[in-house]
Amino acid sequence: MKVTSRMISRRAFLAATFGTVATAGLADAPLVSLRPVMRTVEGDLTGPRMRQSLAEVIAASELTGHVGVVLSDAKTGEVIDHHDADIQLPPASVTKAVTALYALEALGPEFQFETRVVANGPILNGILDGDLILAGGGNPNLVTDDLAVLAERLKESGITEVRGKFYVYDDALPNLDEIDESQLDYLGYNPAISGLNLNYNRVHFEWKKQGADYKVSMDARSETYRPAVQMARMRVVNRDVPIFTYADGGETDEWTVARGALGNGGSRWLPVRHPAIYAGEVFATFARSHGIALSQPREISALPTGDVVAVHQSDALSRVMRDMLLYSTNLTAEVAGLAATEGRTGQKRGLRTSALGMTQWAKTRAGISATFADHSGLGDASRISASEMVQLLNADGAMAQLRPIMKTIAMRDEANKRIPDHPVTVLAKTGTLNFVSCLAGYLRTQSGRDLTFTIFAADLEAREKGKRSGDEQPFGSITFNTNAKRLQQVLLQRWAALNDTAP
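Residues numbered from 1 in each chain as written. Predicted model: local features only at pLDDT ≥ 70, side-chain atom pairs only at ≥ 80, totals over all residues. Heavy atoms only, no water.

Trainee: I would appreciate a short explanation of the sheet that holds strand β11 (residues 232-237) in the present structure.
Mentor: Strand-to-strand pairing in sheets goes through backbone hydrogen bonds, with the strands running parallel or antiparallel. Spatially, three strands are ordered β11-β13-β12 in an open sheet, and the strand pairing comes out mixed. The open sheet is flanked by β11 and β12 (244-248), the only strands paired with a single partner. Each strand axis lies, on average, 20° off the axis of its neighbour in the sheet, ignoring direction. Of the strand pairs in this sheet, β11 and strand β13 (residues 253-258) are connected by six bridges, and their pairing is parallel. Across the sheet, residue Ala232 finds its bridge partner in β13, namely Asp253. (Pairing = 2+ DSSP bridges. Helix = DSSP H or I, 4+ residues; strand = E, 2+ residues; numbered from the N terminus. Axes fitted to C-alpha atoms, helices over the stretch in contact; angles between N-to-C directions.)

Structure, rendered in structure tokens:
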């Protein structure tokens, strides 16, 4: 979409109100506005950046690559400010805002993912003469504590013994070893995807030096419990690099770690590549604590008929999407997108095909020509311009669904300290990759005017060079992203001050 003077119109949402207070005891005092004073990173409204053009402000940021920016009125769609608005760039995790709208409109805000325990066989005197199946329904937010509750519900069903096998079913959604194959193998935010997920498909690896050796552990910790797991295994080996290696053990994840990288101790999350087996092992641990012995979990591709003896339901999708936008969980985004595509088409699709479905939906929904390669923005093959992103955010009904579930972006001063009681409200989605930094959402000025904005910054040449280096944080990437976030603050506070007119 080319920038024009007007874009898709929509009504204002949650207009802010400001008032004055009269008190008898202050009747003779000078009139002083009780409205907070607008403060910017410049300290006042006449700072040098307020007098600069948008292009000069962006040039002063010292960002390399491209910066695409659009500001519009949320009510009328009128474009107020723009710079390189039609250059398509990777949106990073801003993609999740698109996915949230896609999923909410396909599945409904009250949709819930369901995890079931199915008994395939007769139950007599508490004995199941058949198999037990832990059947995933795709819940991306299932954690160890939830499986503890599910095992307790199994006990409450009256089952005390299972004479058959214990199976795990994860084919409610497509199975993928990882979200983006270009990422490093050991990154916890690039896990497997399946219909049965646990702890965002991550396992907790912890190490502590003991004499000349190390004690290591792998567990499935959540808020209350931290059961040890055997399906993810770690060996410390004598080398300096690479830090980690991974091998698929069939139904186990086989890791090694370089001794030279461990120091005295520490911990980190590692991705799980066999999430159904992982969930099955943890569930069996809790079942055993209730006296119900289960065999080693084995995957099945078809869910047999049987009686549902225990159920766990996720939060409503609106809450799931709110948490996704707050914590930027990649697994949640991919699961939501896959489920939404199946909800729209009635068929299970692979990740790339599902992302294509979201691309086609966005074109119909907002008339944009963006391309999405996934639902999370973890990969960098997606492309959308700042003007297209603003057009989607301004599409009819989009702000009413997205603004309430977006993250509050604090206003910060020159020292990056939060400015308390700032009168401007920004609700938006951030997006960060190495040499890519994005922010898009809604800004409400002090007087209550609603604005829609997108700020994309990306140096794709530097990103490719960084990927070739194999470093988790390539040289220069932290500086780039710091400068980009600094520019975001300058632009937001500049826009809020220069466009502070009553709605």
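Trainee: So what exactly am I meant to see when it comes to the pattern of salt bridges here?
Mentor: Pairs may arise between side chains of opposite charge once their charged atoms sit close together. Applying the stated rule across the entire model yields 17 salt bridges. In this structure, Arg259 engages Asp213 in a salt bridge whose closest nitrogen and oxygen atoms are separated by 3.7 Å. Here Arg259 is found in the loop between β13 and β14 (265-271), whereas its partner Asp213 is found in strand β10 (residues 213-219), with 46 residues between them in sequence. For Arg259, a relative accessible area of 24% gives the class partly exposed. A single salt-bridge network, built from bridges that share partners, covers Asp380, Arg463, Glu464 and Lys467. (Salt bridge = Lys/Arg side-chain N within 4 Å of Asp/Glu carboxyl O. Buried < 20%, exposed > 50% of the residue type's maximum accessible area, 1.4 Å probe, protein only.)

Trainee: Is there a simple way to explain helix α6 (residues 317-327) in this structure?
Mentor: Given 3.6 residues per helical turn, the α-helix brings residues three or four places apart onto the same face. Within α6, the full set of buried residues consists of Leu317, Val320, Met321, Asp323, Met324 and Leu325. For α6, the elements touching its buried residues are α3 (95-107), α7 (330-345), β17 (407-408) and β18 (425-433). Of the residues one or two after α6, Ser328 is the one with positive phi, at around 55°. (Contact = heavy atoms within 4.5 Å.)

Trainee: Help me understand the sheet that holds β14 in this model?
Mentor: Read from one edge to the other, the open sheet built from three strands follows the order β10-β9-β14, with strand pairing classed as antiparallel. Either end of the sheet is taken by a strand with one partner, and the two such strands are β10 and β14. Each strand axis lies, on average, 20° off the axis of its neighbour in the sheet, ignoring direction.

Trainee: Please explain the nonpolar core as it appears in this structure.
Mentor: Buried together is how nonpolar side chains tend to be arranged in soluble globular proteins. Among the nonpolar cores identified, the biggest contains 58 residues, and Met321, Trp361, Met389, Leu402, Met406 and Phe456 are the most heavily contacted of them. Look past the residues within four positions of Met389 in its chain and what remains in contact with it is Val94, Ala97, Val98, Ile384, Ala440, Thr454 and Phe456. Ranked by size, the runner-up nonpolar core spans 48 residues in total, among them Leu134, Leu142, Ala151 and Met218. (Core = buried A, V, L, I, M, F, W, Y, C linked by side-chain atoms within 4.5 Å.)

Trainee: Which parts of the structure should I look at to understand the environment of Thr445?
Mentor: Residue position: Thr445 is located in the loop between β19 (436-444) and β20 (450-458). With a relative accessible area of 1%, Thr445 lands in the buried category. Measuring from C-alpha to C-alpha, the distance between Thr445 and Asn499 comes to 7.4 Å, with 54 residues separating the pair along the chain.

Trainee: Which parts of the structure should I look at to understand the packing of helix α4 (residues 144-156) against helix α5 (residues 275-289)?
Mentor: For any two helices packed against each other, one specifies the inter-axial angle together with the distance between the axes. Across the interface, α4 lies against α5 with an axial gap of 9 Å and an inter-helix angle of 50°. With respect to their mutual orientation, α4 and α5 come out oblique. When the axes of α4 and α5 are compared, the crossing they make is right-handed. Two secondary-structure elements touch here, α4 through Thr144, Leu147, Ala148, Leu150, Ala151 and Leu154 and α5 through Ala279, Val282, Phe283, Phe286 and Ala287. Class assignment for the residues of the contact of α4 with α5 results in 10 nonpolar, one polar and no charged. (Parallel < 35°, antiparallel > 145°, perpendicular 65-115°, else oblique. Left-handed = near helix turned anticlockwise from the far one by under 90°. Nonpolar A, V, L, I, M, F, W, Y, C, P; charged D, E, K, R; others polar.)

Trainee: Would you mind going over the confidence of the model for the protein with me for this structure?
Mentor: Reading predicted coordinates in detail is not appropriate for stretches of low pLDDT. Summary statistics for the protein give a mean pLDDT of 90 and a share of 90% for residues scoring 70 or more. The low-confidence segment residues 1-39, where pLDDT is below 50, has 85 contacts with residues more than four positions distant or belonging to other chains. (pLDDT = per-residue confidence, 0-100.)

Trainee: I keep staring at α4 and nothing clicks. Help me out?
Mentor: In a regular helix each residue adds 1.5 Å, so 13 residues correspond to 18 Å; α4 covers 19 Å between its end C-alpha atoms and thus fits that length. Along α4, the positions that sit buried rather than exposed are Thr144, Asp145, Asp146, Leu147, Ala148, Leu150, Ala151 and Leu154. Those residues of α4 that are buried lie in contact with β3 (114-120), β6 (131-135), α5 and β16 (307-313). Following α4 by one or two positions, Gly158 has its phi on the positive side, about 100°. (Expected span 1.5 Å × (residues − 1).)

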